[in-house]
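Listed here are the chains, written in short residue letters.
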Amino acid sequence: MNVVNPGQPILSVVLPFYNEADHVGRVLTAIPAAIEPLQLPFEIIMVDDGSTDGTWSELQTLCHRDARLQAVRFSRNFGKEAALSAGLAKARGQAVITMDGDLQHPPEVIARLVARWQRGDVDIVDAVKRHANRGGPLKNLAATLFYTLHRRLTGMEMNGSSDFKLLDRRVVSVLNTMGERRLFFRGLCDWLGFRRDLVTFDVADRVGGRSKWSLKQLLRLALNGITAFTSAPLHVTTGLGCLFLAFSAPLAVQTLYMKLTAQAVSGFTTVILLLLMLGSAILISLGIIGIYIAQIFDEVKARPRYLVSEQSETGEGRS
Ligand code: UDP
Ligand code: MG
């Protein structure tokens, strides 16, 4: 590969990597090859999200070969959302594309995203998955359930949406000022509004390795996705409380009446059932409030979203 003077890039591509050492080389051949025909000055920002394999040394080698590539390394695994925001903060392009570092977001789609942006009437071009789910049956079911719940609670349509997007500089500038710690990138991009359009794509197979999300991470992302955009679950809690009140009021009247008329009350079953129902309703409600409080706690601590431990030398510093 030739060393190219980067200048001011028009296009930036942000790629998060977590333990992808085996195929970063292939990914970083395919992506520049897809952009070169567009004849736009570009840069690629690679974020190593605390990989424990050889990803960082691979990224460094690639950076030395090609001045259009830059790499940032996190001090530990902070999650893909944090990696994307680090990339956005570093990107200098007029348009920034975020995409996965495993070629599941096909590089050929970049040209379509850029062509749509170049028409000049949109600020965000979303790449939407044509067939929404490409995981195992369990993952698909969980995703469908999550998207349905998310749509019901927040009113946002997320099915098929992905982190594969082109964002205009205006949008990136706004995103960079958003200080929330717990990030749900897709949701936040949706929340921003702006003029947008979409192109559809088919999710490709992973280039190698396996999905890096643990069940815990996915659950946390799903919870963040909901709690960051709506307080509806808290209102559900209040609604449940009212429902129980409505049921218990006649029961209370009946109990009182029986007491006053000195009838023997053999309501053991009723008491136990009520206790169980109320007990679980109260615990669930407390749990929901707890989730929101944890979120507030995280935001109040105001810790940085990620810590950078190393960066590749800048393009200007090299020949
Ligand atoms: N990734 C990351 N940090 C993580 C998990 C994943 O940077 O904690 C990166 C990963 O290397 C890949 C992208 O995010 O480039 C998408 O991850 P993955 O393919 O595991 O997710 P899936 O395709 O299953 O949604
Ligand atoms: Mg993937």
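Residues numbered from 1 in each chain as written. Chains lettered and ligands numbered in written order. Predicted model: local features only at pLDDT ≥ 70, side-chain atom pairs only at ≥ 80, totals over all residues. Heavy atoms only, no water.

Under an unreviewed UniProt entry, the name given to the protein is Glycosyltransferase family 2 protein, and the organism recorded is Acanthopleuribacter pedis. Of the protein, the UniProt comment under Subcellular location (unreviewed entry) reads exactly: "Membrane". (UniProt positions renumbered as here; feature names shortened; annotations may be inferred.)

Draft legend 1. Region of interest: the overall build of the protein. Assigned secondary structure in the protein consists of ten helices and eight strands. Counting only residues that meet the buried cut, the protein has 43% of its 319 residues in that class. Pairs at least 24 apart in sequence give 82% of the contacts found in the protein among residues at least 6 apart. If you sum the accessible surface of the protein, you get close to 16700 Å²; carbon and sulfur atoms cover 62% of it. Of the charged side chains in the protein, 35 are positive and 29 negative; the average position of the first set lies 6 Å away from that of the second. (Helix = DSSP H or I, 4+ residues; strand = E, 2+ residues; numbered from the N terminus. Buried < 20%, exposed > 50% of the residue type's maximum accessible area, 1.4 Å probe, protein only. Contact = heavy atoms within 4.5 Å. Areas by Shrake-Rupley, 256 points an atom, 1.4 Å probe, with all protein chains shown as cover. Lys, Arg positive; Asp, Glu negative; His and termini not counted. Charge placed at Lys NZ, Arg CZ, Asp CG, Glu CD.)

Draft legend 2. Spatial organisation of the sheet that holds strand β3 (residues 69–74). Spatial strand order, β7-β5-β6-β4-β1-β2-β3-β8: eight strands in an open sheet with mixed pairing. Edge positions in the open sheet fall to β7 (196–201) and β8 (308–311), since each of these has one partner strand only. Strand-to-strand, the axes of this sheet are offset by a mean angle of 20°, without reference to chain direction. Where strand β2 (residues 42–48) and β3 come together, five bridges link them in parallel fashion. (Pairing = 2+ DSSP bridges. Axes fitted to C-alpha atoms, helices over the stretch in contact; angles between N-to-C directions.)

Draft legend 3. Broad picture of the coordination of the magnesium ion (ligand 2). Taken together, the protein ligands of the magnesium ion (ligand 2) are Asp102 (OD) and Gln104 (OE1), with distances of 1.9 to 2.0 Å. By relative accessible area, which is 4% here, aspartate 102 ends up buried. Under the relative-accessibility criterion, glutamine 104 is labelled partly exposed at 21%. (Donors = N, O, S within 2.8 Å, 3.2 Å for Na, K, Ca; no water.)

Draft legend 4. Representation of the site of ligand 1. Neighbouring residues of ligand 1: 18 residues in total, closest Glu20, Asp49, Asp102, Ser211 and Lys212. Contact distances for ligand 1 include 2.6 Å between a nitrogen atom and a side-chain N or O atom of aspartate 49. Within the backbone of glycine 101, one N or O atom sits 2.8 Å away from an oxygen atom of ligand 1. With the chains in place, 92% of the 520 Å² that ligand 1 exposes on its own is no longer accessible. Along the lines of polarity and charge, the residues of the shell around ligand 1 split into four nonpolar, six polar and eight charged. (Near = heavy atom within 4 Å. Polar contact = N/O pair within 3.5 Å; in protein donor to acceptor, adjacent residues only side chain to side chain. Nonpolar A, V, L, I, M, F, W, Y, C, P; charged D, E, K, R; others polar.)

Draft legend 5. Representation of the UniProt feature "transmembrane region" (unreviewed entry) in the protein within the structure. Mapped onto the present numbering, the UniProt feature "transmembrane region" (unreviewed entry) falls on residues 221–247 and 267–294. Between the C-alpha atoms that bound residues 221–247 there is a distance of 36 Å. The span itself is 85% helix and 0% strand.

Draft legend 6. Layout of the packing of helix α6 (residues 169–177) against helix α7 (residues 185–192). For the pair α6 and α7, interaxial distance at closest approach is 11 Å and the crossing angle is 115°. Here the hand of the crossing between α6 and α7 comes out right-handed. When α6 is examined against α7, the residues Val171, Val174 and Leu175 are found in contact with a partner set consisting of Phe185, Leu188, Cys189 and Leu192. Residue composition of the contact of α6 with α7, grouped by class: seven nonpolar, no polar and no charged. (Left-handed = near helix turned anticlockwise from the far one by under 90°.)

Draft legend 7. A look at the nonpolar core. Within the largest apolar cluster, 37 residues are counted, with the highest numbers of intra-cluster contacts made by Ile31 and Ile97. Those residues in contact with isoleucine 31, other than ones at most four positions away along the chain, are Val13, Leu15, Ile44, Met99, Leu103, Pro107 and Ile110. Among the nonpolar cores identified, the runner-up in size contains 33 residues, and Ala91, Met158, Leu175 and Leu192 belong to it. (Core = buried A, V, L, I, M, F, W, Y, C linked by side-chain atoms within 4.5 Å.)

Draft legend 8. Local environment of the side chain of serine 51. Position of serine 51 among the secondary structure elements: in the loop between β2 and α2 (55–65). The class of serine 51 is buried, set by a relative accessible area of 8%. Reaching out from serine 51, the side chain makes a polar contact with the side chain of aspartate 48 at a distance of 2.6 Å. Leave out the neighbours within four places in its chain, and serine 51 touches Phe17, Tyr18, Asn19 and Arg73.

Draft legend 9. Region of interest: the environment of valine 122. Secondary-structure assignment places valine 122 in the loop between α4 (109–118) and β5 (124–129). Setting aside residues no more than four positions away along its own chain, valine 122 makes contact with Arg116, Trp117, Arg195, Arg196 and Asp197.

Draft legend 10. View of the pattern of salt bridges. Tallied over the full model, the rule gives 17 salt bridges. For arginine 196, the salt bridge is made with aspartate 126, and the minimal N-O distance between the two is 3.2 Å. You can see arginine 196 sitting in strand β7 and its partner aspartate 126 sitting in strand β5, a full 70 residues away along the chain. Look at arginine 196 and you get partly exposed, because its relative accessible area is 28%. Aspartate 126 gets classed as buried once you look at its relative accessible area, which sits at 10%. A salt bridge links arginine 196 to aspartate 190, with the shortest nitrogen-to-oxygen separation between them at 3.9 Å. (Salt bridge = Lys/Arg side-chain N within 4 Å of Asp/Glu carboxyl O.)

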